[in-house]
Each structure stands twice: as structure tokens, then as C-alpha cells.
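Here is how the chains run, residue by residue.
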Amino acid sequence: MRIDILTLFPEMFAGPFAESIVARAVEQEIVQIELHNLRDWGEGKRRNVDDAPFGGGAGMVMQPEPFFRAVESIPDHEQARTILLTPQGRLLTQQIVDELATAPHLILLCGHYEGVDERVREHLADDEISIGDYVLSGGEPAAIVLVDALVRRLPGALGSETSLDEESHTGGLLEYPQYTRPAEFRGWHVPDILLSGHHKEVAGWRRRQSLLRTAQRRPDLLRQALQDGDAVSEEDRRWLEEELETNLQDQPPS
Ligand code: SAM
């Protein structure tokens, strides 16, 4: 996969892309990441990239020209999927990450200041992504989040592919609780079942924990998983109903 990132602040990517899975994936040529400084396509001697909003108002708006010229300088940009990072875009989910991870070439457009001239959204971007319902100062942290989430889905990027299958949000549920050594820490014990060596029973416990914590923490996700049919089996559903009923009965009356 190739990812081109258009930004006014390319230095912001140096740290996050120099470490861990993204750095390793770049080194192994699983992903190619190219940073483009929009200032290089700014107009005039001062390389201007922004101007006051038409109609008045606070702050500056990023002009369309540098975005268009920068994208047009990228080889095979016509075949790429161009994504504008914006708080007004589709809310990023694992499903969207998985969908984007199949694209061979992405171009990410980072805004700043008061945002980006609307013609970039209308005539340059194929897609708009938001990483959450809050406003960042720029698209750079959003691009870093998106790249990280994408890269870990690329074949070979993670050491163990199996660790992807049971992660939170894969299959619509949250992951079960994880423990490591020591088996007892400050009087808190790891559940006996995890020390038993019975792989089938461990798998069953993990599945039930995953269902339970999704029900307790993210009922919206569980509802969706139940609707999706194959994400939750009939056996899972029966167990969860009984468990939730028992838990409710255990609660003191309010
Ligand atoms: N005035 C814009 C609005 O109200 O929609 C917000 C502009 S924001 C201060 C500057 C830039 O940060 C945006 O152009 C966008 O690229 C980026 N940005 C801010 N919040 C974001 C979010 N939640 N997801 C993705 N990008 C975001």
C-alpha cells in the first residue's frame, strides 16, 4: 500500500512513524508513506497557503490551489482514493479501516486553521473521515491515527496474524480481559481457568467474557452484533440472556 499525506506540518509525523509497527512496516516495504509539504505548492514569494474567509469571520481558510497542485504531482493520483480528514466526515470505525486497508493507494489531506476551502471537499476528495466528534487543531493527528489503524491490518505488518482475529471491534465485540505474570499481584489473582491449561475451556471463558463486557460497556455494539447474525451464535445469545438476568437479580433493589 502507498499512502501520500499532504500537510503544512510534515515534522509532526516524524515521531509516530519512526516507532513500532508503522516503522517496521515501512522498513519491510509493506507500506510506503510519502509526506508532502503543502507550503511547497503555496503561491507567490511567501508561499501563501491560506486566506481570510469570504463573507468574513475569524481565522484563515486553506486555499484550494496548493491541495490540487500537490495531489496532481503524485504519480498515478487518478487511481488513488483521496481522503479529506475533517470533523464533518464519516466517523472512523474498524469496518471503515478494513475497507480502506484494501485500497492500494490513499492520499490523505490534512486541514488546519479554520479548515479547508469547500472546493477541495467537492472536487478533490473521494471520501471524508473524522476520527471522533471533537475538533482537532489540524488533520495531522487524525492522519496518524488512520495510518496506524490501517497499517496493522496489512498482511505481515503484525508479528502474529492471529492476534487480529480476537481484537476489540473485530467481529463486532470487545476483547476479553488479558492477564500476564505474576499469577498473583498485590493479592489480586488471575482467574483460575487461565492457569488450567485447558485450551477449550479457556476459549469458552474468553468468549463469554467478551460477550459480557460488550453487553456491559457497549450495548450499542452488542445490539449491532446480534443483528448481524453470524457475529453471535445462538449458544452465545442464550448464555448472555441467562447471565444478564442472573446479574440483574443479584443487584440490590433500588
Ligand atoms: N472549522 C472546522 C469545522 O468546524 O468543521 C474545523 C477546522 S479544524 C480546527 C482544522 C482541521 O483539523 C480540519 O480542516 C481537519 O483537517 C482537522 N480536524 C479537526 N478535527 C478533526 C476530526 N475530528 N477528525 C479529522 N480531522 C479533524
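As a convention, each chain's residues are numbered from 1 in the sequence order in which they are written. Since the coordinates come from a predicted model, pLDDT governs what is reported: local features require at least 70, and pairs of side-chain atoms require 80 or more to be given and counted, while whole-chain, interface and lining totals use all residues. The basis for every side-chain value is the complete set of non-hydrogen atoms in the structure, without hydrogens or water.

Describing the domain arrangement of the protein
Thinking step 1. Per the domain assignment, the segments making up the protein are domain 1 (2-151) and domain 2 (168-250).
Thinking step 2. Segmentation into domains, and thus their bounds, comes from an automatic or database assignment. On a C-alpha basis, the centroid separation for the pair domain 1 and domain 2 is 38 Å.

Observations regarding helix 8 (residues 199-217)
Thinking step 1. Helix and strand definitions follow DSSP, with helices as H or I runs of at least four residues and strands as E runs of at least two, each counted in order from the N terminus. In this analysis, the expected span of each helix is defined as 1.5 Å times one less than the number of residues it contains. Between the first and last C-alpha of helix 8 there are 26 Å, a value that for 19 residues agrees with the 27 Å anticipated at 1.5 Å per step.
Thinking step 2. For every residue, the accessible area obtained with a 1.4 Å probe (protein chains only) is divided by the maximum for its type, and the residue is called buried under 20%, exposed over 50%, and partly exposed between those limits. The set of residues buried in helix 8 consists of Val202, Gly204, Trp205, Ser210, Leu211, Leu212, Thr214 and Ala215.

So, the packing of helix 8 against helix 9 (residues 219-227)
Packed helices, taken two at a time, are described by the angle their axes make and the gap between the axes.
Thinking step 1. Across the interface, helix 8 lies against helix 9 with an axial gap of 5 Å and an inter-helix angle of 120°. For the element pair helix 8 / helix 9, the angle class is oblique. Residues Thr214, Ala215, Gln216 and Arg217 of helix 8 touch helix 9, and the partners they reach there are Pro219, Leu221 and Leu222.
Thinking step 2. For this scheme, ten residues count as nonpolar: Ala, Val, Leu, Ile, Met, Phe, Trp, Tyr, Cys and Pro. Four count as charged, namely Asp, Glu, Lys and Arg, and the remainder, Gly too, count as polar. Taken together, the residues of the contact of helix 8 with helix 9 sort by class into 4 nonpolar, 2 polar and 1 charged. Note on geometry: axes are lines fitted to C-alpha atoms, helical ones only across the stretch in contact, with angles between N-to-C directions running from 0 to 180 degrees. We call two directions roughly parallel when the angle between them is under 35 degrees, roughly antiparallel when it is over 145, roughly perpendicular when it lies between 65 and 115, and oblique otherwise. A contact between two residues is defined here by any heavy atoms of the two lying within 4.5 Å.

Quick look at the site of the ligand
Thinking step 1. Of all residues adjacent to the ligand, which total 20 residues, the nearest are Leu85, Gln88, Glu114, Tyr134 and Leu136.
Thinking step 2. Between N or O atoms, a polar contact is any pair within 3.5 Å; within protein, one atom must be a potential hydrogen donor and the other a potential acceptor, and residues adjacent in sequence are included only when both atoms are from side chains. Between Gly111 and the ligand, the recorded distance is 3.0 Å, taken from a backbone N or O atom to an oxygen atom.
Thinking step 3. Here a nitrogen atom of the ligand and a backbone polar atom of Gly132 are 3.0 Å apart.
Thinking step 4. The method behind every accessible area is Shrake-Rupley, applied with a 1.4 Å probe, and residues are considered shielded solely by the protein chains displayed. Protein contacts shield 84% of the accessible area of the ligand, which totals 590 Å² for the unbound molecule.
Thinking step 5. Going through the elements one at a time, strand 5 (81-91) and strand 7 (127-130) are the ones with two or more residues in the shell around the ligand.
Thinking step 6. Looking at side-chain class alone, the shell around the ligand contains 9 nonpolar, 10 polar and 1 charged residues. Here, proximity means that at least one heavy atom of the residue falls within 4 Å of the molecule or strand.

Structural notes on the sheet that holds strand 2 (residues 32-37)
Thinking step 1. The strand order 2-1-6-5-7 describes an open sheet built from 5 strands, whose pairing is parallel. Lying at the two open borders of the sheet, with one neighbouring strand each, are strand 2 and strand 7. In this sheet, neighbouring strand axes are inclined to one another by 30° on average, regardless of whether the strands run parallel or antiparallel.
Thinking step 2. Here, a strand pair is defined by DSSP locating no fewer than two bridges between the strands. Relative to strand 6 (residues 105-110), strand 5 is paired through 5 bridges, and the arrangement is parallel. The residue bridging Thr82 from the neighbouring strand is Ile107, located in strand 6.
Thinking step 3. Across the sheet, helix 3 (residues 64-72) is in contact with strand 1 (2-7) and strand 6; its angle to strand 6 comes to roughly 160°.
Thinking step 4. The strands touched by helix 6 (residues 140-151) are strand 1, strand 2, strand 5 and strand 6; relative to strand 6, the strand with the most contacts, the crossing angle is about 160°.

Considering helix 2 (residues 20-27)
Residues that lie three or four places apart on an α-helix share one face, since the helix turns once every 3.6 residues.
Thinking step 1. Of all the residues in helix 2, the buried ones are Ile21, Val22, Ala23 and Ala25.
Thinking step 2. Buried residues belonging to helix 2 abut helix 1 (14-17), strand 2 and helix 6.
Thinking step 3. Immediately downstream of helix 2, the backbone of Glu29 shows phi near 60°, a positive value.

Concerning the environment of Ile3
Thinking step 1. Residue placement: Ile3 occurs in strand 1.
Thinking step 2. Distance from Ile3 to Pro104, taken between C-alpha atoms, is 8.5 Å for residues 101 residues apart in sequence.

Observations regarding the nonpolar core
Thinking step 1. Here the nonpolar core consists of buried residues drawn from Ala, Val, Leu, Ile, Met, Phe, Trp, Tyr and Cys, with membership extended through side-chain atoms lying within 4.5 Å. Grouped together as the largest cluster of nonpolar side chains are 34 residues, with contacts concentrated most on Ile5, Leu108 and Val147.
Thinking step 2. For this core, the secondary-structure elements that each account for two or more residues are strand 1, helix 2, strand 5, helix 4 (94-100), strand 6 and helix 6.
Thinking step 3. In this structure, Leu108 is in contact with Ile3, Asp4, Ile5, Leu6, Ile83, Leu85, Ala143, Leu146 and Val147, ignoring residues within four places of it in sequence.
Thinking step 4. Within the second largest apolar cluster, 18 residues are counted, among which are Met62, Ala80, Val120 and Leu124.

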